[in-house]
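Here is how the chains run, residue by residue.
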Amino acid sequence: MAVAERNLILLGAPGAGKGTQAQRLAVRFGIPQISTGDMLRAARREGTPLGKKAEEYMNKGALVPDEVVIGLVEERLGKPDAKAGFILDGFPRTIPQAEALDRMLLGRAPLVVVDIVLSETEVVRRLASRMVCAECGANAVGEGPACHDCGGPLVPRADDREQVVLNRLKVYRDQTEPLIAYYGSRSTYCRIDGARLPDDVTADIIKAVERHR
Ligand SMILES: [Zn+2]
């Protein structure tokens, strides 16, 4: 029996737990978690033609243009491990990217769009309370006063100060609102309440994805 193909993208504000959820879903469904950041680094390492092109932009500190990112995603989604599906992280970021993804998926299972929704107040609260180890940089786990890895002191993450958080939120909103408009009316668009425990969020996402198999 053929395995159901599951093609997922995750939308969600910073602090909504996208990374954690993406990891869990990848394991649960046996599909690769594909992040554009990892993909760009891999393409550079492998020295593919697109990787070299991406590297030119990255070396200049410039944004890698849509056509290059789209080419990389297309290559990646054509690899054997993505036949059973994929979970994309950090793509699409723009409408042209979203349109390109739709074209790539012609003849494949429909794209399920998971939008993890969190209020701005909750985003700010979560990000402001995120701590890292001052010694080794590890993310704090649980409530303890010291780092789990090295026992070093915990401090707030440098990029989580309130103004930085508000800026990230604005960038996120500007980027994502058009995508929500693009996907929002589809039957495969799922809004998930992100203001609950990670296990409950995972369970809700799985239920939503199973509905669209
Ligand atoms: Zn540490």
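That block above? That's the structure.
The sections below set out a description of the structure shown in this document. Since this is a predicted model, take the numbers as computed values, not measurements.

### Overview of the coordination of the zinc ion
Taken together, the protein ligands of the zinc ion are Cys133 (SG), Cys136 (SG), Cys147 (SG) and Cys150 (SG), with distances of 2.2 to 2.4 Å. Classification of the site at the zinc ion as tetrahedral follows from its four donor atoms and the range of 102 to 118° in their angles at the metal. The sequence pattern describing where the donors of the zinc ion fall on their chain is C-x2-C-x10-C-x2-C. Residue Cys133 is found in strand E5 (residues 131-133), and its partner Cys147 is found in the loop between E5 and strand E6 (154-156); the two are separated by 14 residues along the sequence. The pair Cys133 / Cys147 is uniform in exposure class, with both members buried.

### Quick word on the sheet that holds strand E3 (residues 85-89)
An order of E2-E3-E1-E4-E7 is seen for the five strands of this open sheet, with the pairing classed as parallel. Only two strands of the sheet have a single partner each, and these edge strands are strand E2 (33-35) and strand E7 (189-193). The average undirected angle you get between the axes of adjacent strands in this sheet is 25°. Where strand E4 (residues 111-117) and E7 come together, five bridges link them in parallel fashion. Within E7, the position partnered with Asp115 by the bridge is Arg191. Together, strand E1 (6-12), E4 and E7 form the strand contacts of helix H7 (residues 162-183), whose direction differs from that of E1 by roughly 135°.

### What about the environment of Leu72?
With respect to the helices and strands, Leu72 occurs in helix H4 (residues 66-77). The exposure class of Leu72 is buried, given its relative accessible area of 3%. Not counting chain neighbours up to four residues away, the residues in contact with Leu72 comprise Met39, Leu40, Ala43, Leu50, Gly51 and Ala54.

### Things to note about the packing of aromatic side chains
Counting across every chain of the model gives one aromatic pair. Where Tyr182 meets Tyr183, the ring centres are 5.0 Å apart and the plane angle is 80°; that geometry is what we call edge-to-face. In this structure Tyr182 comes out as partly exposed when scored by relative accessible area, which is 23%. Here the guanidinium or amino end of Lys60 rests over the ring plane of Tyr57, the centre of that ring lying 5.2 Å away.

Thresholds, definitions, all that
- Residues numbered from 1 in each chain as written.
- Predicted model: local features only at pLDDT ≥ 70, side-chain atom pairs only at ≥ 80, totals over all residues.
- Heavy atoms only, no water.
- Donors = N, O, S within 2.8 Å, 3.2 Å for Na, K, Ca; no water.
- Tetrahedral: all angles 85-135°; square planar, octahedral: opposite > 155°, others 65-115°.
- Helix = DSSP H or I, 4+ residues; strand = E, 2+ residues; numbered from the N terminus.
- Buried < 20%, exposed > 50% of the residue type's maximum accessible area, 1.4 Å probe, protein only.
- Pairing = 2+ DSSP bridges.
- Axes fitted to C-alpha atoms, helices over the stretch in contact; angles between N-to-C directions.
- Contact = heavy atoms within 4.5 Å.
- Phe/Tyr/Trp six-rings, centres within 6.5 Å; stacked < 30°, edge-to-face > 60°.
- Lys NZ or Arg CZ within 6 Å of the ring centre and 35° of its normal.

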